[in-house]
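# Topology and contacts: notes
Residue strings, one per chain:
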Amino acid sequence: MALFVAALIANRLVFRRGDIEGDFVVGFLRDLGLALLFCNMLIALKTDRHLPGPIGGQLHARLAGFSYSLYCTHTPVLIVYAAAMVRVFGLGWHMAPIGLVPWLIVFGAFAVSLAVAYLFALATEAHTDRIRRALFALLDRRITGSAPEQARP
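From a predicted model like this one, the values you see are computed outputs, not experimental measurements.

## What to know about the overall build of the protein chain
Within the protein chain one finds 7 helices and 0 strands. Walking the protein chain from its N terminus toward its C terminus, one meets helices and strands in the order α-α-α-α-α-α-α. Burial analysis of the protein chain (153 residues in total) assigns 14% to the buried set. At a minimum sequence separation of 6, the contacts of the protein chain that also span at least 24 residues come to 59%.

Structure (structure tokens):
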């Protein structure tokens, strides 16, 4: 982690915005180096047996359980939500949240997005392991069932 943080700080000190805008190779190599160091840091954090787990580890695991569903559903949900808020309150995409009602609308968007994603995950992501096992079992039966020594008794 120290290596990545040191490289990140050095990158910010050495390269200023616009310094390498026209030089593709230098920009690519800089980004590639930082990406590799970041990957190295993530792998080191994942494999370190002495590193304590994150605070609220169960919460992270539970939230990760429907992260893909949130990714899939948040945009259409927010579009419908914003359209409804424009229709009902006259507030929507370009509002500046000043006062209680606009802030409730903003936090309502978070709540509705999370709730829809969680319900969507109950119908999809919650069954991923069971479906994966069934597919692997089906593939295994097809592969072993079509083996030449088993084709004829």
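## Observations regarding helix α4 (residues 67–89)
Along α4, the sharpest change in direction is near 45° and occurs at Thr73; proline Pro76 comes one to four residues later. Those residues of α4 not exposed but buried are Ser69, Thr73, Val77, Tyr81, Ala82 and Met85. Tucked inside the fold, the buried residues of α4 contact α5 (100–123).

## With respect to the packing of aromatic side chains
Going through the model one piece at a time under the given rule, you end up with 5 aromatic pairs. Measuring from ring centre to ring centre gives 5.5 Å for Phe66 and Tyr118, while their planes differ by 80°; the resulting arrangement is edge-to-face. With Phe66 in the loop between α3 (57–64) and α4 and Tyr118 in helix α5, the pair connects residues that are 52 residues apart, well separated along the chain. Owing to a relative accessible area of 34%, Tyr118 belongs among the partly exposed residues under this scheme. One aromatic cluster is present, formed by Trp103, Phe107 and Phe110 through successive ring pairs.

## Quick notes on the side chain of Ser69
By secondary structure assignment, the location of Ser69 is in helix α4. If near-sequence neighbours (up to four positions away) are discounted, Ser69 is found in contact with Ala117, Phe120, Ala121, Thr124 and Glu125.

## Some thoughts on the packing of helix α1 (residues 2–14) against helix α2 (residues 24–47)
Relative to each other, α1 and α2 sit at 155°, their axes nearing to 9 Å. Judged by the inter-axis angle, α1 sits roughly antiparallel to α2. As for how α1 packs across α2, the hand of that crossing is left-handed. Where α1 abuts α2, its residues Leu3, Phe4, Ala7, Leu8 and Asn11 lie against Arg30, Leu34, Leu37, Phe38 and Met41. Along the lines of polarity and charge, the residues of the contact of α1 with α2 split into 8 nonpolar, 1 polar and 1 charged.

## Concerning a nonpolar patch on the surface
A contiguous nonpolar surface patch, about 820 Å² in accessible area, is contributed by Met1, Val5, Ile9, Leu13, Val14, Phe38, Leu42, Leu45 and Leu51. Residue contributions to the nonpolar patch peak at 4 residues, all from α1. The topology assignment puts Leu45 in helix α2.

## What about the packing of α4 against α5?
Following both chains from N to C, one finds α4 and α5 inclined at 140°, their axes separated by 9 Å at the closest point. Considered as vectors, α4 and α5 are oriented oblique to each other. With respect to the hand of their crossing, α4 and α5 are arranged in right-handed fashion. On α5, the residues that touch Ser69, Leu70, Thr73, His74, Val77, Leu78, Tyr81, Met85 and Phe89 of α4 are Val101, Leu104, Ile105, Gly108, Ala109, Val112, Ser113, Leu114, Val116, Ala117, Phe120 and Ala121. Looking at the contact of α4 with α5 residue by residue, the class counts come to 16 nonpolar, 5 polar and no charged.

What counts and what doesn't
Residues numbered from 1 in each chain as written. Predicted model: local features only at pLDDT ≥ 70, side-chain atom pairs only at ≥ 80, totals over all residues. Heavy atoms only, no water. Helix = DSSP H or I, 4+ residues; strand = E, 2+ residues; numbered from the N terminus. Buried < 20%, exposed > 50% of the residue type's maximum accessible area, 1.4 Å probe, protein only. Contact = heavy atoms within 4.5 Å. Bend = angle between axes of the 7 residues up to and from the residue. Phe/Tyr/Trp six-rings, centres within 6.5 Å; stacked < 30°, edge-to-face > 60°. Axes fitted to C-alpha atoms, helices over the stretch in contact; angles between N-to-C directions. Parallel < 35°, antiparallel > 145°, perpendicular 65-115°, else oblique. Left-handed = near helix turned anticlockwise from the far one by under 90°. Nonpolar A, V, L, I, M, F, W, Y, C, P; charged D, E, K, R; others polar. Patch = residues over 30% accessible without salt bridge, like charges linked within 9 Å, V, L, I, M, F, W, Y side chains within 5 Å. Areas by Shrake-Rupley, 256 points an atom, 1.4 Å probe, with all protein chains shown as cover. Salt bridge = Lys/Arg side-chain N within 4 Å of Asp/Glu carboxyl O.

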